[in-house]
Amino acid sequence: FHDKITAGDRDATQNWIDAAPYARDNHPTDEHFFPIFTAWGAAGDGAKGERIHDSTQMGGVFAWDAYRFA
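Residues numbered from 1 in each chain as written. Predicted model: local features only at pLDDT ≥ 70, side-chain atom pairs only at ≥ 80, totals over all residues. Heavy atoms only, no water.

J.: Just give me the short version of the overall build of the chain, but keep the residues and values in it.
T.: Secondary structure assignment for the chain yields 5 helices and 4 strands. Its C-alpha atoms give the chain principal-axis dimensions of roughly 35 × 25 × 20 Å. Per-residue burial for the chain yields a buried fraction of 17% across its 70 residues. At a minimum sequence separation of 6, the contacts of the chain that also span at least 24 residues come to 42%. (Helix = DSSP H or I, 4+ residues; strand = E, 2+ residues; numbered from the N terminus. Buried < 20%, exposed > 50% of the residue type's maximum accessible area, 1.4 Å probe, protein only. Contact = heavy atoms within 4.5 Å.)

J.: An account of the packing of aromatic side chains is requested, with residue identities and associated values reported.
T.: Per the counting criterion, the structure on display carries 7 aromatic pairs. Between the aromatic rings of Phe1 and Phe33, the centroid separation amounts to 5.5 Å while the plane-to-plane angle is 50 degrees, which identifies the pairing as tilted. Placement of the pair is Phe1 in the segment before helix H1 (2-7) and Phe33 in the loop between helix H4 (23-26) and helix H5 (35-42), with a sequence separation of 32 residues. Exposure remark for Phe33: the relative accessible area of 15% places this residue in the buried category. For the ring pair Phe1 and Phe37, a centre distance of 6.1 Å and an interplane angle of 90 degrees mean the geometry is edge-to-face. Taken as a pair, Phe1 in the segment before H1 and Phe37 in helix H5 lie far apart in primary sequence, 36 residues in all. Three or more aromatic residues link up through ring pairs in this structure, and these residues are Phe1, Trp16, Phe33 and Phe37. (Phe/Tyr/Trp six-rings, centres within 6.5 Å; stacked < 30°, edge-to-face > 60°.)

J.: Talk me through the nonpolar core; I want residue IDs and the actual numbers.
T.: Ranked by size, the top nonpolar core spans 6 residues in total: Ile5, Ile36, Trp40, Ala47, Tyr67 and Phe69. For this core, the secondary structure elements donating two or more residues are H5 and strand E4 (66-69). When near neighbours in sequence (up to four residues on either side) are disregarded, Ala47 contacts Gly8, Arg10, Trp40 and Ala70. (Core = buried A, V, L, I, M, F, W, Y, C linked by side-chain atoms within 4.5 Å.)

J.: Explain the side chain of Thr13 residue by residue, including any values.
T.: Inspection of the secondary structure assignment puts Thr13 in helix H2 (residues 10-13). By relative accessible area, which is 1% here, Thr13 ends up buried. Polar contacts involving the side chain of Thr13 include one to the main-chain carbonyl oxygen of Arg10, which spans 2.8 Å. (Polar contact = N/O pair within 3.5 Å; in protein donor to acceptor, adjacent residues only side chain to side chain.)

J.: An account of the pattern of salt bridges is requested, with residue identities and associated values reported.
T.: Evaluation of the coordinates by the stated rule reveals 4 salt bridges. With its nearest N and O atoms 3.3 Å apart, the salt bridge here joins Glu50 to Arg68. Highlighted residues: Glu50 in strand E1 (residues 49-53) and Arg68 in strand E4, separated in sequence by 18 residues. A relative accessible area of 43% places Glu50 in the partly exposed class. We note a salt bridge from Arg51 to Asp65, for which the minimum N-O separation is 3.1 Å. Within this pair, whereas Arg51 is found in strand E1, its partner Asp65 is found in the loop between strand E3 (62-63) and E4, the two being separated by 14 residues in sequence. Relative accessible area serves as the criterion here: at 31%, Arg51 is assigned to the partly exposed category. On the accessibility criterion, Asp65 (35% relative accessible area) is partly exposed. (Salt bridge = Lys/Arg side-chain N within 4 Å of Asp/Glu carboxyl O.)

By themselves, these are just geometric observations and shouldn't be taken as functional.
Structure below.
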């Protein structure tokens, strides 16, 4: 998913729930995942993401990535 965001490939992320093998296991509800799409859309056409923070907790179970879109 990170590669698609940094490449600005919105089309590849539209079906995120089907694309990742354990997406539904890791994101049982959508509301905490949707803000990334909101921010990306607000950045306008052609926007690409830049990861400005990445860390994990609990042995890598929780990922805390943050992106800036321009």
